[in-house]
Structure formats: C-alpha cells, structure tokens
Amino acid sequence: MDQGPVTQPRTGLEWRPGGEARRIERITPREEAVGLSFDGRPHTVLMATPADLQELAIGFAVTEGLAGRDDILDVTERRTAEGVLIDLTLSPAARGRRARPRGLEGRSSCGLCGVQRLADAVRPLPRVISDRSFRHEAVHRATSAIGELQTLGRLTRATHAAAFADASGTLLLAREDVGRHNALDKLAGALLRGGVDASHGFVVVTSRCSFEMVEKTARIGCPMIVAVSAPTDLAIRKAEEAGVTLIALARADGHAVFSCAERLMAEDHAHV
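Now for a look at the structure at hand. If you're wondering where the values come from, they're calculated on a predicted model, not measured in any experiment.

Criteria and thresholds
Within every chain, residues take consecutive numbers counted from 1 along the sequence as written. Confidence filtering applies because this is a predicted model: local features only for residues at pLDDT of at least 70, side-chain atom pairs given and counted only at 80 or more, and all residues used for totals across whole chains, interfaces and linings. Side-chain numbers here rest on the full set of heavy atoms in the structure, without hydrogens or water. Strands are treated as partners if at least two bridges between them are detected by DSSP. Numbering of helices and strands starts at the N terminus; helices are DSSP runs of H or I of at least 4 residues and strands are runs of E of at least 2. With axes taken as lines fitted to C-alpha atoms, and helix axes fitted only over the stretch in contact, angles between N-to-C directions fall between 0 and 180 degrees. Relative accessible area decides the class of each residue, using a 1.4 Å probe on protein chains only: under 20% of the type maximum gives buried, over 50% gives exposed, and in between gives partly exposed. Pairs of residues are marked as contacts when any of their non-hydrogen atoms sit within 4.5 Å. As used here, the term nonpolar core means buried Ala, Val, Leu, Ile, Met, Phe, Trp, Tyr and Cys residues forming a set that is joined through side-chain atoms within 4.5 Å. A pair of aromatic rings is counted whenever rings of Phe, Tyr or Trp (Trp by its six-membered ring) have centres within 6.5 Å, and the orientation is called stacked for planes under 30 degrees apart, edge-to-face for over 60 and tilted otherwise.

## Here's the deal with the sheet that holds strand β9 (residues 160-166)
What links the strands of a sheet is backbone hydrogen bonding, and the strands pair in either a parallel or an antiparallel sense. An order of β10-β9-β11-β12-β13-β14 is seen for the six strands of this open sheet, with the pairing classed as mixed. Two strands lie at the open edges of the sheet, namely β10 (171-177) and β14 (254-259), each paired on one side alone. Strand after strand, the sheet turns through a mean of 20° between neighbouring axes, direction not considered. Note that strand β12 (residues 224-227) and strand β13 (residues 245-251) share three bridges and pair parallel. Paired with methionine 224 across the strands is threonine 245, a residue of β13.

## What about helix α8 (residues 233-242)?
Taken together, the buried positions of α8 are Ala235, Ile236, Lys238, Ala239 and Ala242. Residues of α8 that are buried sit in contact with α7 (211-219), β13 and β14. Positive phi shows up at glycine 243, right after α8, with a value of about 70°.

## Some remarks on the environment of leucine 90
Along the polypeptide, leucine 90 turns up in strand β6 (residues 84-90). Between the alpha carbons of leucine 90 and glycine 68 there is a distance of 9.3 Å; along the sequence they are 22 residues apart. Ignoring anything within four residues of it in the chain, the contact list for leucine 90 reads Phe38, Asp39, Ala67, Asp71, Ile72, Leu73 and Arg95.

## Focus: the nonpolar core
Grouped together as the largest cluster of nonpolar side chains are 48 residues, with contacts concentrated most on Ile72, Ile86, Leu88, Cys209 and Ile225. Ranked by the residues each element gives to this core, the list is headed by helix α1 (residues 53-63), at seven residues. Setting aside its immediate chain neighbours within four residues, isoleucine 72 contacts Ile58, Ala61, Val62, Ala67, Leu88, Thr89 and Leu90. Counting residues in each nonpolar core, the second largest holds 18 residues, with Val139, Ile146, Ala167 and Ile247 among its members.

## As for the packing of aromatic side chains
Ring pairs (aromatic) are described by centroid distance and by the angle formed between their planes. Applying the stated criterion to the full structure yields one aromatic pair. Judged by centre distance (5.4 Å) and plane angle (80°), the ring pair of phenylalanine 134 and phenylalanine 202 falls under edge-to-face. Remark: phenylalanine 202 occurs in strand β11 (residues 201-205) and phenylalanine 134 occurs in strand β8 (residues 134-135); sequence separation between them is 68 residues. Exposure class is identical for phenylalanine 134 and phenylalanine 202. Each is buried.

What follows is the structure, given as structure tokens:
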C-alpha cells in the first residue's frame, strides 16, 4: 500500500457560476494518525502528512518544551495498521521534566487539542537573545521564494509550509504538512537534527500566525517569524514577551511588523 505524502488523484465535480459542472481530478495530501511516545509511554496523537515524521517528533518535543535537543538519545519509527508510532528515548534528566499533559488527539489544524488545564495552554516563553538584524528586502526575498519549495502544496493546494531563511532571505530548508503546527515542528526538527543555529535566520510560514507558532519559534531560539497571513492578538503579545520579531501579512506588495520592529534595519545598517 502506498504510504507517501499524497494519494492517487481523486475525482470531483467543479461548479462555477454561469457554467456547467465539469469533472476534475485533484491530487490530495495524505493525512494519518501519528502517535508520539517518550520512552515507550504514549503522549499524544497528531494528524499529520506521513513525511519527515522523525523530524516532526523531534521538533514537537523541543518546541513543546518537553526536551532539549541533547536530551533526545534515539528516535524509532514503526508503522501499524492504525498509523505510525514514533518513540523518543530521552535522557534521565528529561524524563523527570513535567510534560504538558495531552488527553486527546492533536488535530492537524490545532496545536492545543487535548491540553487539560488552562495553565498548560499559554505558558511563559523563554526570551530569545539575539543581536541579529534583518533587511526588509530579506523578508521579501524569502516570501517570494517559498512557493518554489512547496512541492506538495503545488500538487494539492491543501498543505502548509514552514521554511527557514538565512539573514539574506535565502531559504535553506522547508517542510510541508496538512497542519501548520506540524509543518513548523518538522522544520524545527530538521534544524535541530542538522545542527543549524536558528538564531542566525528567520522562520517563514504560509499560514496565519497564532501564539503557538510564536511559541515554537521562540523555543528553538529563532529571533523572527514571518507569516503570509494575519496574526492574532495573543501572538503579538507573546512575541513581545519572547523578544521575537513578528511580521505578518507578508505579500508581494509588502509586509507589516507587529513586534520588536527594531530588528528590521535600513539596508546600510543591517547585520548579515
């Protein structure tokens, strides 16, 4: 059975005003259950696109504050009839760390499904310490190029992407998933696995910017997140708290800076 990130083409009927319905074919992204466990103990189930799943698990552990990169000693992946099981072996120090409890599955559109207490939903964030500054032109360069790395998105028009750009706006890595949180966790895992210092560049996401996206950016030590859609009020407040520059509404005709605007410098003063 094919378990790649996309399905075989699906047929449908397309209707447009003033015209007759016509049959179309669309390639759709696969979405399946991914169970995450730590040292053999189940933690949560995510609905995700079945690609880069070990990176998803690593990124999830770090961006949820459950472990540091050095705490992850091993990652195993096993397919079952119900989905994919990913288990992370953690260091003794991380095993005793209090995990944010999850009682339900994490749906692809939601980063907080199953969180049981309000205090566990919105937690204090570490403050990102970085003297890195960026040009507005770098933001534009990155957002203009992200479509080229959205292989799955071009096929399906149904997935999100998260990418990492260096200070010049050159995209170095990108990951895709039906869930925007999953895409960012996959990117985080890829950065951590590859030993890339996230403080030297910025994250670009093809979605709205909720506070969880800011949280995940802060926990990998990245000083800036750029979103093509709008931010929430809480996202802006958490970005200010964490010292993360939040840019949103990043389109071809410009972008808006909502927090830590001092990190955006004129071209002749930018530190690259």
